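# Tertiary structure, described
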Amino acid sequence: MSNSSSQSRAPSLSFRLATAADLAIICQAAGHPENAPFITPWSDERYQAALTNPDEALWVVEARAEIAGFILLAGLTSPHRSIELRRLVMIHK
């Protein structure tokens, strides 16, 4: 008997810190018509700044070795020890 559940499973996801090379697809995903209504607009420069801001972390979500989305966390240097999930954008729904 074959195990069809393994064939229909969603791909596993991996996460890594974003780099400048990822910014074009991150900005494209944020501005996509399916995502834009749910995200406060940012300029490309603002996403660039998130790469080096010690209070923020911009992560890439990958599936099957391709960028599937991104996560933006904020508050990393907060004295209140609380982290904000500022954005979670997935490219493929």
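Notes on the structure follow. Just so it is clear, the model here is predicted, and its values are computed rather than measured.

### Here we look at the sheet that holds strand β4 (residues 84–90)
Pairing between the strands of a sheet is mediated by backbone hydrogen bonds and can be parallel or antiparallel. Strand order in the open sheet made by the four strands is β1-β2-β3-β4, with antiparallel pairing throughout. Both outer strands of the open sheet, β1 (13–17) and β4, are each paired with one neighbouring strand and no more. Going across the sheet, the axis of each strand differs from the next one's by a mean of 25 degrees, ignoring polarity. Where strand β3 (residues 66–74) lies against β4, six bridges are found, and the strand directions are antiparallel. Each bridged residue has a counterpart across the sheet, and for Leu72 the counterpart in β4 is Arg87. In the packing of helix α3 (residues 44–52) onto the sheet, contacts are made with β2 (56–63), β3 and β4, and the angle to β2 comes to roughly 100 degrees.

### Examining the packing of aromatic side chains
For the coordinates displayed, the defined rule picks out two aromatic pairs. Here the aromatic cluster, defined as three or more aromatic residues joined through ring pairs, consists of Trp42, Tyr47 and Phe70. Residue placement shows Arg46 over the ring face of Trp42; its charged tip is 4.0 Å from the ring centre. A cation sits over an aromatic face here: Arg87 above Trp42, 4.2 Å from the ring centre.

### Some points on the side chain of Glu62
In this fold, Glu62 is placed in strand β2. On the basis of relative accessibility, which here comes to 18%, the residue Glu62 falls in the buried class. A distance of 3.0 Å separates a polar atom in the side chain of Glu62 from a polar atom in the side chain of Arg16. Ignoring any residue separated from it by four or fewer positions in sequence, one finds Glu62 in contact with Ser12, Leu13, Ser14, Arg16, Ile67 and Ala68.

### Side note on the nonpolar core
The biggest cluster of nonpolar side chains holds 15 residues, and the ones touching the most others in it are Ile26, Tyr47, Leu58 and Phe70. Of all elements in the fold, only α2 (23–31), α3, β2 and β3 reach the threshold of two or more residues within this core. Examining the composition of this core, we find that five residues originate from one element, α2, more than from any other. Ignoring any residue separated from it by four or fewer positions in sequence, one finds Phe70 in contact with Ile26, Ala29, Ala30, Tyr47, Leu58, Trp59, Val60, Val61, Arg87, Leu88 and Val89.

About the cut-offs
- Residues numbered from 1 in each chain as written.
- Predicted model: local features only at pLDDT ≥ 70, side-chain atom pairs only at ≥ 80, totals over all residues.
- Heavy atoms only, no water.
- Pairing = 2+ DSSP bridges.
- Helix = DSSP H or I, 4+ residues; strand = E, 2+ residues; numbered from the N terminus.
- Axes fitted to C-alpha atoms, helices over the stretch in contact; angles between N-to-C directions.
- Contact = heavy atoms within 4.5 Å.
- Phe/Tyr/Trp six-rings, centres within 6.5 Å; stacked < 30°, edge-to-face > 60°.
- Lys NZ or Arg CZ within 6 Å of the ring centre and 35° of its normal.
- Buried < 20%, exposed > 50% of the residue type's maximum accessible area, 1.4 Å probe, protein only.
- Polar contact = N/O pair within 3.5 Å; in protein donor to acceptor, adjacent residues only side chain to side chain.
- Core = buried A, V, L, I, M, F, W, Y, C linked by side-chain atoms within 4.5 Å.

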